[in-house]
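Structural overview for review
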Amino acid sequence: MPSPPAADLRLARLGFADPRTATALLGPDGLRLWGVDGPTDAGAGAVVAALTQVANPDLALGALARLVAAVPKPAVLLAALRSSYGLRSRLLGVLGTSSVLGDHLVRHPLEWSALADDRIGASRPSALGLREQLLRAVGVDVTQPLRWGTPEVRAAGAEAASLDALRSAYRAALVRLAARDVVEDVALEDVAGELADLAAATLEAALAVAYATVEPAAEPCRIAVIGMGKCGGRELNYGSDGDVGFVAEAMPGGDEGAALRTATRVAEALIRACSTATREGTIWPVDAGLRPEGRSGPLVRTLASHAAYYERWAKNWEFQALLKARPVAGDVELGQDYLRVIAPMVWSQAPRPDLVADVQAMKRRVESSVPAAEGDRQLKLAPGGLRDVEFSVQLLQLVHGRADESLRVRSTLEGLDRLSAGGYVGAAEAERLADAYRFLRAVEHRLQLQRLRRTHTLPTEPAALRWVARSMGFRDGPGGTAPEALLAERTRHSVQVRRLHEKLFYQPLLSTVALLPADALRLAPEAARERLEALGFADPAGALRNLEVMTAGLSRRAKVLRTMLPVMLPWFAAAHDPDAGLLAFRTVAEHLGGSPWFLAMLRDSDVVAERIAGLLASSRFVADLLGRAPEAVAIVSRDVELSPRTPAALDEEFGSVVRRHGAEAAAAAVRGLRRHELLRIACADLLGTLDVVGVGEALSDVADATVAAPLQVAEAEVAASRGSPLDCVLTVVGMGRLGGREQGYGSDADVLFVHEPLDGADDAAAAATARLVAEELRRLLAVPAPDPPLVVDADLRPEGRQGPLTLSLSGYARYYERRAAVWEAQALLRARVVAGDADLGRRFMELIAPIRWPAEFDDAKVREVRRIKARVEAERMPRAVDRYRHTKLGPGALADVEWTAQLIQLQHAAAVPGLRIVSTLAALDAAAAADLLDPDDVTVLADAWRAASAARNALTLVRGRQHDVLPDDARTLAGVARAVGYPAGSRAEFLDSYRRATRRARAVVEKVFYA
C-alpha cells in the first residue's frame, strides 16, 4: 500500500480526520489554499489554521467548500476569509459546530456577509428587533401588538402562509447567534435569553400565519400565547421544544363559545406552522402539554376557565410549571391579565402539606425514567444533572417564595442568586451550583447545536464525543485527550451538583416551612404577636422584641433568621421556658451571626435547629454555658460530637493546654475546656443519647482532667517561687461522688491530698511545699471567671477542716491506725486516685484497703453508721421542705441507696472481692452476685438511684444551678420531667413514678439497712 502524500500527513497532524479529502478540498482543484509545500500564502495559512481550531475541521472544510461553490462571487468570500480574522472565526466556527446551520448557509449563500461585520458581537438583537424581522419574513410589517383582524394581518393572506420564509428567517437569526456563541464566549444567560426572544418572535410570526389561515367570517377573538418551561423562563436551548399555553377571550359583545372555537383553530394552525417540515426543515415542535388537564384538556381556555381550574383542581406540579409562565406572543393585555390572575396562585398563602413530598416524588419519577444505558451520559435527567439544579431551585422558591417576594423569578440562575442573597442557600454552594449549571447547559447547547435536535445525552462514538469536547474548548494535552478532559470536568460538576441537590432538595426543613401559613413566615408584628400568644410564650411582647432585633436589616444573618425563626418558634414553645430560650438564642445569634458555618448549620438541618431551640428553652444550664461561649453550639450539629471524650483524650487535651500557657491563662483555658465538655454532656443528656450512669462517669472524667492539668501548673508555680525543684511528690485522691465516678452537674470535687517527701527532704519542709501546691491548685480552679468553677473540697481529710490540708503517706498511716472513725472508713469506700504521682497513689490505695474493707465490722459499728446517717438527715434536711421530694436525703433517694450499698461493702468487702468497687450500682450488683442482696431488691434500689440521680441532674439543667428538691411549681416540674425524658404534659406521671420508685426503695432500705 503506497504511503500517503506528505501534504496528507501534514493535514492529519493539523487535526483533519480525513486528510486525503482535506487535501483535495484545499488544493488547486478546490479552494486553492493548499499547495505541495503547504498554504499557498499567508492568508491561506490563516484560513487553514482557523479550520484546525474549530470543533470539527473536516465538517467545517466540507461546508466551506460547498458554500464557496454556491456563492455568486466565490473570490470575494475567499478574499474576505483571508483578510478578516473575525469572519474566519465566526463563519468557520459555525460550520465546524453545526451541520444544520452549515446546510442553511449553503442554501442561502449570501447570508455569510452577515458574519463579516465585526460589530456583530456588540449588536445583539433586541426582542423587539427579532419580532419585527420574523414578522416581515412572513409578510407582516407591524410595530403594534398582533391582534385579530388588524389590516396588516388580514392583508398578509397567502403570503403569510409560506412557511419557508419563517423557517429561513429563524435559521438566519440562529446563525448569527451561534457565530457569537462559539467564538466570543457569550454568557449562558445571554444565549438562552436570546434563544427565548427568538422563540417568542417565531411564535408571533407563526400566530400571524395562523390568523391568515382562518376564514374571515370566523368569530373574532383575542388570544395570547403563554410561554412555559424554558420558553417562559428565558432558558431555551438550541433544540428545545416550545412549551406553551393558550388563553383566549371573545371580543366585547362577541360569542364566547364561537370565539373559543376560532382561537382553537388559530392555536392549531400556530402549532402546525412551527412543527410542519418544509424544504427548510422544521423550527421546533410546539408542546401544549403543560396546559390544564394536560393533553386531555381543551387546547385553549378563557381566563376565567384557567383561574377556576387552578383554584380547584391543579396539582402541585402544575404550580411548579407555572413558576416560569409569561406571555410571549399575541394579545399583550390579555397575557398580562393572565399573569395578574394566575401568578399569585403559585405563591399560595395557605400551607401546602403535600408540596414538598409531591415535588420530591416527581423528581424521583424523572430519574427513574432514564435508561440505565444512558445514566452516565445524561446531562439533564440523571443524578447530578441539570434537573437536580432546577428542581432544587424551584422547590426552594415554592416553599420560601410564599413569604419572600424576591424569590418570585423565572430563571434558574436568577433564582439561585436570589436564594443565596436571601440566605436560603449558602453563597459558596450557590456559586458551585451555578458554575455546574452553566457548564452542563453549555455542553447541552453544543450537543443540540450540531443538528438542532433535542438531545441531552453525550455520544458514545469517539468522533462525536471529540466534536463536543472541542466545541467546548477542550484540546488534547499532556494530561489527556480533549474527550477525557470533557468527561472529567463533567464528572466533577455532576458530583458537586448531586451532593448539593441531596442536601437542599431533601432537607426536612422544607416540609416544615411548607406547613406554615405565609403570615407566620413573614413575622409581621401583629400576626407574630398572635402566634406567640397561641404558642404559649409568657411574654409575647418581649419575645416579639427579640424577633425584631434578630431579623432587622438586610444582613445575611437577618435574612436567614427571617426564614428560620418562624419554623423554630414551635420548637421553643414545646420546651420548658420558650421565652428564656428565645432570649438565649438571640445571644447566640448576635455573637455568631456573621459566621457562615452557624447560618449554614441552621439553614441546612432542621434537626440541628430543633435541637438548639429545644436545648436553650429546656435548660438554663445549657443557655448559660452557650452564653459564655456561643461558638460551642457546633457540638449539636453532629451526633458524634455528643459522645463524651475518653479519659485519655481529655488528659491529652487538658495537658496540652497547660503546657502552652502561663499559670493564670492555663487555669482559664482548662476551665474553658471544662465548660465545653459540660455542654457536650448536658446536650447528650437532654437529647437522650447518654443515660444517667454515663452522665456521672463523663462528668467525673472531666473533673479528673480539670484537677490533673492545673495540678501541673500549681507544682510548676510553687517550684518557680522556691527557685528550686519541689522536695515532695503529691497525689490527689477523689472522694465522694468524684471518687465513685457519680458526679452531678453541680457537684464539688471531694478530694484528699497525699504527699511524700523526696529522698533526703525535710518532712516539715515537704509538708509546707505540698500545702502550697494544694492551695495553689484550689486557687487556680476558684479564680473568678466567666466559666463555672470547680470547687475542690478537702473536708473529708483527717480531722476535717481543723486538720492539715495535706498529709504524708506515713501521716495518713499513723492517723488511720490510731484514730480512724467509722465514717472515715465509709468515706474511703469511694477513694480513687484522680491526679498526681501514680506510685504514691497506688501505695495510698494499699494503705487504706484494710480500713475501707475491714476484716471485721461488728454490730456497734453498724449502729454507728445508722446513727451518723440519722444525724446527717436531721441536720441537713431543710425545714419546710417536703422530704419525699428531696432527691438526696429523702426516703428511698440517693443517700438511702448509697448508704445501704456502703454498709454491705463495709460488712463484707474483705471476704467478697467483687464488693471492692467505688460505684454504687456496681456494688449492688456485686452484692446480689454474692447472695448478700435479693436481685429484686437490687433492681428496686437501682431504679430509685437512677430516678433520683436523673431528677437531681435535671434540676440543675433546668434551673442552671444545683438543687436537690423537686419543685412545687408546675412549670418548673414540667421542665424537670421533660429533661428526665418524659413527654410533654407528663409532670404528674413523672412525679408519681419518682415517688413510687423511692417508696419501694425505702421499703428495701428498711429491710436491709435498718434490719
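Residues numbered from 1 in each chain as written. Predicted model: local features only at pLDDT ≥ 70, side-chain atom pairs only at ≥ 80, totals over all residues. Heavy atoms only, no water.

When you go through the protein chain residue by residue, the secondary structure sums to 45 helices and 11 strands. Taking 30 Å as the expected radius of gyration for a compact globule of 1011 residues, we find that the protein chain reaches 42 Å, considerably beyond that expectation. Dimensions along the principal axes, computed over C-alpha positions, put the protein chain at roughly 125 × 80 × 50 Å. Within the span of the protein chain, comprising 1011 residues, buried residues form 56% of the whole. A fraction of 72% describes how many contacts in the protein chain between residues 6 or more apart in sequence connect residues 24 or more apart. (Helix = DSSP H or I, 4+ residues; strand = E, 2+ residues; numbered from the N terminus. Rg over C-alpha atoms; globule rule 2.2 N^0.38 Å. Buried < 20%, exposed > 50% of the residue type's maximum accessible area, 1.4 Å probe, protein only. Contact = heavy atoms within 4.5 Å.)

One open sheet holds the four strands; their spatial order is β5-β4-β3-β6, and the pairing between them is mixed. The open sheet has two free edges, formed respectively by β5 (286-287) and β6 (326-330), since each of these has just one partner strand. Both strand β4 (residues 242-250) and β5 contribute to a ladder of two bridges, which runs parallel. In the strand pairing of β5, Gly-242 is matched with Val-286. (Pairing = 2+ DSSP bridges.)

The nonpolar side chains of a soluble globular protein tend to be buried, and buried together. Counting 170 residues, the largest nonpolar core has Phe-585, Phe-598, Phe-753 and Phe-844 as its most contacted members. Residue contributions to this core peak at 13 residues, all from helix α34 (residues 692-722). In contact with Phe-598, other than residues within four places in its own chain, are Phe-585, Val-588, Ala-589, Leu-592 and Val-633. (Core = buried A, V, L, I, M, F, W, Y, C linked by side-chain atoms within 4.5 Å.)

Looking now at the packing of aromatic side chains. In the structure shown here, the tally under the stated rule is 12 aromatic pairs. Relative to Tyr-816, the ring of Tyr-815 lies with its centre 5.7 Å away and its plane at 70°, an arrangement referred to as edge-to-face. On the basis of relative accessibility, which here comes to 11%, the residue Tyr-815 falls in the buried class. With a centroid separation of 5.5 Å and an interplanar angle of 70°, the aromatic rings of Tyr-982 and Phe-990 are classed as edge-to-face. Taken as a pair, Tyr-982 and Phe-990 share a single burial class, namely buried. In this structure an aromatic cluster arises from ring pairing among Phe-572, Phe-585, Trp-597 and Phe-598. Of note, Arg-883 hangs over the ring of Tyr-884, and the distance from its end group to the ring centre comes to 5.7 Å. (Phe/Tyr/Trp six-rings, centres within 6.5 Å; stacked < 30°, edge-to-face > 60°. Lys NZ or Arg CZ within 6 Å of the ring centre and 35° of its normal.)

How two helices pack is summed up by the angle between their axes together with the distance between the axes. The N-to-C vectors of helix α18 (residues 386-400) and helix α20 (residues 427-451) enclose an angle of 135°; their axes lie 9 Å apart at closest approach. Judged by the inter-axis angle, α18 sits oblique to α20. The element α18 and its partner α20 pack so that their crossing is left-handed. Residues Leu-386, Val-389 and Glu-390 of α18 form the contact with α20, whose own contacting residues are Leu-433, Tyr-437, Leu-440, Arg-441 and Glu-444. Its residues assigned to classes, the contact of α18 with α20 shows five nonpolar, no polar and three charged. (Axes fitted to C-alpha atoms, helices over the stretch in contact; angles between N-to-C directions. Parallel < 35°, antiparallel > 145°, perpendicular 65-115°, else oblique. Left-handed = near helix turned anticlockwise from the far one by under 90°. Nonpolar A, V, L, I, M, F, W, Y, C, P; charged D, E, K, R; others polar.)

Its identity is not glycine, yet Glu-293 carries a phi of approximately 70°, on the positive side. Mapped onto the elements, Glu-293 comes out in the loop between β5 and α14 (303-312). A relative accessible area of 43% places Glu-293 in the partly exposed class.

Another aspect to go through is the pairing of β4. Burial of β4 is extensive: seven of the nine residues sit out of reach of the surface. Two strands pair when backbone bridges link them, and strand β3 (residues 221-227) and β4 are joined in this way by seven bridges, in the antiparallel orientation. Across the sheet, residue Cys-221 finds its bridge partner in β4, namely Ala-250. The parallel pair β4 and β5, bridged by helix α13 (residues 256-275), forms a crossover whose chirality is right-handed. (Right-handed = clockwise from strand over helix to strand, strands pointing away.)

Turning to its location among the elements, Ile-904 is positioned in helix α41 (residues 894-908). Judged by relative accessible area, Ile-904 falls into the buried class, the value being 6%. In this structure, the C-alpha to C-alpha distance between Ile-904 and Leu-933, residues 29 residues apart in sequence, is 9.0 Å. Excluding its chain neighbours within four sequence positions, the residues that come into contact with Ile-904 are Ala-909, Leu-915, Ala-927, Leu-932, Leu-933 and Val-1008.

What follows is about the packing of helix α28 (residues 578-592) against helix α30 (residues 606-618). In the contact formed by α28 and α30, the axes pass within 7 Å of each other and the chain directions differ by 120°. Comparing their axes, α30 and α28 come out oblique. For the pair α28 and α30, the sense of crossing is right-handed. Where α28 abuts α30, its residues Pro-578, Gly-581, Ala-584 and Phe-585 lie against Ile-612, Leu-616 and Ala-617. Taken together, the residues of the contact of α28 with α30 sort by class into six nonpolar, one polar and no charged.

Right, let's talk about the pattern of salt bridges for a bit. Scanning all chains against the criterion turns up 68 salt bridges. Here Glu-235 ties to Lys-324 by a salt bridge, and the two come within 3.0 Å at their closest N and O atoms. Placement of the pair is Glu-235 in the loop between α12 (229-232) and β4 and Lys-324 in the loop between α15 (316-322) and β6, with a sequence separation of 89 residues. Overall, the relative accessible area of 8% leaves Lys-324 in the buried class. Where Arg-952 meets Asp-964, a salt bridge forms, and the shortest distance between an N and an O atom there is 2.6 Å. Pair noted here: Arg-952 is in helix α43 (residues 935-959) and Asp-964 is in the loop between α43 and α44 (970-980), with a separation of 12 residues, a long-range link. A single network of salt bridges, built from pairs that share partners, joins Arg-124, Arg-180, Asp-190, Glu-194, Asp-197 and Arg-234. (Salt bridge = Lys/Arg side-chain N within 4 Å of Asp/Glu carboxyl O.)

Quick look at helix α45 (residues 987-1008) now. The end-to-end C-alpha distance of α45, which contains 22 residues, comes to 31 Å, matching closely the 32 Å that a straight helix rising 1.5 Å per residue would cover. Of the residues making up α45, those classed as buried are Phe-990, Leu-991, Tyr-994, Ala-997, Thr-998, Ala-1001, Val-1004 and Val-1005. Mapping the buried residues of α45 onto a view down its axis gives an arc of 155°, with all of them on the same face. Lining the buried residues of α45 we find α41, α43 and α44. (Expected span 1.5 Å × (residues − 1). Arc of directions from axis to C-beta.)

Turning our eyes to something else, we now look at the confidence of the model for the protein chain. Summary statistics for the protein chain give a mean pLDDT of 89 and a share of 95% for residues scoring 70 or more. Ranking the elements of the protein chain by mean pLDDT puts helix α9 (residues 151-160) last, at 46, and helix α42 (residues 920-929) first, at 97. Confidence over residues 154-160 falls short of pLDDT 50; this stretch has 16 contacts with residues more than four positions distant or in other chains. (pLDDT = per-residue confidence, 0-100.)

The residue Ala-421 is located in helix α19 (residues 412-421) in this model. Considering only alpha carbons, one finds Ala-421 and Pro-804, 383 residues apart in sequence, at a separation of 66 Å. If sequence neighbours within four positions are ignored, Ala-421 has contacts with Arg-556 and Lys-559.

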